[in-house]
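Per-entry structural report
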Amino acid sequence: MKRWHIVLFLAPAVLIYSVFSALPLLDTLRLGFYTTNDAGVAHFSGFSNYFTILTDPAWSSAFWNAMGNNFKFFLIHLLIQNPIGLILATFLSLKGLKFARQYRTFIFLPTLLSVVIIGFIWQLILSPLWGVSESILNAVGLGAYFQPWLGEEGSALITLALISVWQFVGIPMMLIYAALLAVPEDIVEAAYVEGASAWRIFWEIKLPLILPTLGLVTILTYVGNFNAFDLIYSVKGAIAGPNYSTDILGTLFYRTFFGYQSQIGSPTMGAAVATLMFLVILCGVGAYFYFVQRKLTRYEL
Amino acid sequence: MRTLSTRHLLLATLLAAGTAQAGTVNIESWRVDDKALWEEVLIPAFQKKNPGIQVKFTPTAPTEYDSSLTARLTGGTAGDLITCRPFDKSLDLFKKGQLEKLDGKAGMENFPASAKVAWQTDDGKTAYCMPMASVIHGYFYNKKIFKELNLQVPKTQAEFFAAMEKIKAAGKTPIALGTADQWESNQTVLTNVGANSWKGEDGRKALIAGKAKFTDPQFVAAWEQLSKMGPLMGKGASAQTYADSQNLFAMGKAGVYPAGSWDIAYFNKEGMDFGAFPPPVAKAGDQCYISDHTDIGMGVNPKAKNKADAYKFLAWLGSQEFADLYTNKVTGFFSLSNHLISVQDPVAKQMLDWRKTCKSTIRLNAQIMNRGTPAMENELWNVSSQVLNGKMAPKEAAVQIQSGFAKWYAPQQK
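Residues numbered from 1 in each chain as written. Chains lettered and ligands numbered in written order. Predicted model: local features only at pLDDT ≥ 70, side-chain atom pairs only at ≥ 80, totals over all residues.

1. Points about the overall build of chain A
When helices and strands are counted, chain A shows 13 helices and 4 strands. Seen through its C-alpha atoms, chain A measures out along the principal axes to roughly 75 × 75 × 30 Å. Evaluated residue by residue, chain A yields a buried proportion of 32% over its 301 residues. Across chain A, the fraction of contacts at a sequence separation of at least 24, relative to all contacts at a separation of at least 6, is 65%. (Helix = DSSP H or I, 4+ residues; strand = E, 2+ residues; numbered from the N terminus. Buried ≥ 20, exposed ≤ 12 C-beta atoms within 10 Å, placed from the backbone. Contact = placed C-beta atoms within 7 Å.)

2. Side note on the overall build of chain B
Looking only at helices and strands, chain B features 17 helices and 10 strands. A compact globule built from 414 residues should have a C-alpha radius of gyration of about 22 Å, and chain B, at 22 Å, falls within 12% of that. The principal-axis extent of the C-alpha atoms belonging to chain B is close to 65 × 50 × 40 Å. Per-residue burial over chain B gives 52% buried out of 414 residues. (Rg over C-alpha atoms; globule rule 2.2 N^0.38 Å.)

3. So, the domain arrangement of chain B
Residues and elements named next belong to chain B. Annotation of chain B at the domain level lists domain 1 (2-133 + 295-344) and domain 2 (136-292 + 362-412). Here domain 1 and domain 2 have C-alpha centroids that lie 30 Å from each other. Across the contact, 7 residues belong to domain 1 and 11 residues belong to domain 2. Taken together, the residues of the side of domain 1 that touches domain 2 sort by class into 4 nonpolar, 2 polar and 1 charged. (Domains from an automatic or database assignment. Nonpolar A, V, L, I, M, F, W, Y, C, P; charged D, E, K, R; others polar.)

4. What about the nonpolar core?
By size, the foremost hydrophobic cluster in this structure holds 154 residues, and its most contacted members are V273 of chain A together with L81, F140, I175, F313 and L314 of chain B. Both domains that furnish three or more residues to this core are identified here as domain 1 (2-133 + 295-344) and domain 2 (136-292 + 362-412) of chain B. Apart from residues lying up to four places away in sequence, L314 of chain B is in contact with L81, K105, G107, M130, M298 and V300 of chain B. Counting 13 residues, the second largest nonpolar core, distinct from the first, contains A89, F168, V169 and A179 of chain A. (Core = buried A, V, L, I, M, F, W, Y, C linked by C-beta atoms within 7 Å.)

5. Examining the pairing of strand β2 (residues 54-59) of chain B
Residue and element names in this part refer to chain B. With 6 bridges connecting them, strand β1 (residues 24-29) and β2 associate as parallel partners. Considered in β2, the bridge of E28 is made with T58. Each parallel crossover has a hand, and for β1 linked through helix α2 (residues 35-49) to β2 it is right-handed. (Pairing = 2+ DSSP bridges. Right-handed = clockwise from strand over helix to strand, strands pointing away.)

6. Some words on the interface of chain A and chain B
Each partner contributes to the interface: chain A provides 32 residues, whereas chain B provides 35 residues. Where the side of chain A that touches chain B is concerned, the elements lending two or more residues are α1 (2-31), β3 (259-260) and β4 (263-264) of chain A. In terms of residue class, the side of chain A that touches chain B is made up of 17 nonpolar, 11 polar and 4 charged.

7. Considering the environment of Y34 of chain A
All names here are of chain A. Within the secondary structure layout, Y34 lies in strand β1 (residues 34-36). Judged by C-beta crowding, with 21 C-beta atoms within 10 Å, Y34 ranks as buried. Linking Y34 and V7, residues 27 residues apart in sequence, is a C-alpha distance of 36 Å.

8. Observations regarding unusual backbone geometry
Phi is mostly negative for residues that are not glycine, and the peptide bonds are mostly trans. A cis amide bond links G241 of chain A to the next residue, P242 of chain A, at an omega of -10°. The topology assignment puts P242 of chain A in the loop between α11 (230-236) and α12 (249-258). At the junction of T373 of chain B and P374 of chain B, the peptide bond is cis and its omega measures out at 5° in the coordinates. Note that P374 of chain B resides in the loop between β10 (359-361) and α16 (376-388). One non-glycine residue, N243 of chain A, lies in positive phi territory at about 50°. Here N243 of chain A shows up in the loop between α11 and α12. Judged by the 19 C-beta atoms lying within 10 Å of it, N243 of chain A falls in the partly exposed class.

9. With respect to α12 of chain A
Residues and elements named next belong to chain A. The element α12 is largely enclosed, with a buried count of 10 among its 10 residues. Of the positions making up α12, those classed as buried are L249, G250, T251, L252, F253, Y254, R255, T256, F257 and F258. Among the residues trailing α12, G259 stands out with phi positive, at a value near 80°.

10. Topic: the confidence of the model for chain B
All names here are of chain B. Scored by pLDDT, chain B has a mean of 89; 95% of the residues are at 70 or more. Model confidence for chain B, summarised as mean pLDDT per element, is weakest for helix α1 (residues 2-15) at 44 and strongest for helix α10 (residues 217-229) at 95. The low-confidence segment residues 1-22, where pLDDT is below 50, has 36 contacts with residues more than four positions distant or belonging to other chains. Across the interface, the model reports ipTM at 0.84; the global pTM reads 0.85. (pLDDT = per-residue confidence, 0-100.)

11. Quick notes on the packing of helix α2 (residues 48-55) of chain A against helix α3 (residues 57-92) of chain A
All names here are of chain A. It is the contact of α2 with α3, at a shortest axis distance of 5 Å, that shows an interaxial angle of 75°. The orientation of α2 relative to α3 falls into the category roughly perpendicular. Facing T52, I53, L54 and T55 of α2, the residues of α3 in contact are W59, S60 and F63. By residue class, the composition of the contact of α2 with α3 is 4 nonpolar, 3 polar and no charged. (Axes fitted to C-alpha atoms, helices over the stretch in contact; angles between N-to-C directions. Parallel < 35°, antiparallel > 145°, perpendicular 65-115°, else oblique.)

12. Overview of the packing of α3 of chain A against helix α8 (residues 170-181) of chain A
Residue and element names in this part refer to chain A. At a minimum axis separation of 8 Å, α3 and α8 run at an interaxial angle of 45°. Overall, the two elements α3 and α8 adopt an arrangement that is oblique. For the pair α3 and α8, the crossing hand works out as right-handed. Residues Q81, N82, G85, L86, L88, A89, T90 and L92 of α3 pack against P172, M173, I176, Y177 and L180 of α8. A breakdown of the residues in the contact of α3 with α8 according to their chemical character gives 9 nonpolar, 4 polar and no charged. (Left-handed = near helix turned anticlockwise from the far one by under 90°.)

Below you can see the structure in the form of structure tokens.
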């Protein structure tokens, strides 16, 4: 009788998860092993799609370019977004900070905006024709340093990554802030009474205690960045110019699956790209759990 | 596989708008801008002749049209009439059985063979879309700036670049063009100014026949024009979008604008005083060529719920009345039919009159060349943008396109 209840209560979650998450994922994995002919009929072809993506120069150069750009995109988030989030959270959790709530809200606000709006606003701000950045730079005498940052091969990806950092810095801030609040007051007070400086309290007490959260933030950033697509697409379009310098796995997948201009979309090839993205994320998450998460738990109180 | 992928597509379909109702002829299109015109002018005109037939125009944004149409066709929820992209996009649909054969259908007799090329099988035997309209490319120029600086409309490339230098010296932007969106670099620049270099259809057909290569001088010369245009674009052109270029020209801050005829409507709305000239030729007295691109057709969905009414509408699309309404109301789109029509807009008339002196050609890569991997259209956007930005030499651009073409196209592999 008891078991019957378990099945009943699990059913909705299991059903919804399998229909909308597990099944499409498995089907995508399967679709990657097929190819379609001109008439749209699919037949099984083993690893040939993967072979093409990884060995055919036309595909592999695009794939590795997207992969490299994606790593850069992730590294910028990891090295800029998360440390800034940590610093902001530390300041916000300081006692006696005036307007802490207001700051928290304002910093978190861009996260709630649509990426399309963010992309549009930043494109205007950075526009070489009507942008405010050039006039601001002129006002402080740095006008000569102004560049069409979104249009140059060397700076477009970095600029886009920084826009994304600006938008999403609120998320690591909130997560770390919550973790900092959970640090037991008595330990901090004891350290204070023992004569530890605020600096030392942060490095030797608070930071080790919030490490699991930092790990979580890292892995969330990793998954989010390797699934990223919307900002690049809304600012640079599916061809992710100039010269594919802002092409990441998400835009490569879009062009492959849906097609773009004269490139005819191929659901089977697209599924193969999606599977590779899935594997990249799976490996990252797997490595994190194996090497980092297991060790982290030991420090928990 | 079929059923499972249909399920993905069904999801996409649920999100998409086009729901077909029995008793209504639904038209699929990417011309979102023309929605009001269809609803207020074209459909009422049709219904006056054919009372009782309900017609609904349900456009999708141009960038999403192809993918969402494919999803709806596969899922069986697409409209009765399908607006056709030219050449391979539609040929692909026909091969998958998603467009009907139109040979001998009422209205098809009103179109010349040259117009039908864009929507027939490679052997030229079967047609699957009715030609609707073409667009013509050239330059628009700001009449006020040309008058102030006492400039003549340039006929040769030397005159053109001399005029642009004068505009630059006067502190204005010579060419309103940017490469942020990339498509202009090919569709309104390379295939526009290049037609004179590769001699229109001659050059295009030689490539298809394998008798010419992109690395031949006549094609490299086209990219050389682009590399000369680069420094004449505005500061920061690499981050300038299509809308930025339109604004720049509409605000009177730029001398010329590489245009598609569809832009006429926009600049008219902005109340601009502008004229048009065809792309300049290399030497005075050379034969001129224009990019006169077959752009829009209309086909019938084999699974249409109202096939008989859809064919009635199609027959009307081939009529004199439609040709006249479409050419004059959708300024900048020119009917491809044999009917004689008088064009009212002065700039549109000017562009249409180029057909009398210049030879027409379609966009260089539109037929057959777009079929392979790497996708040539996308490659051309990329390399032409880089040539305009001064990041790639004309020769390198030619080599990259040729090696991609030769990779899959047998006649180029000899």
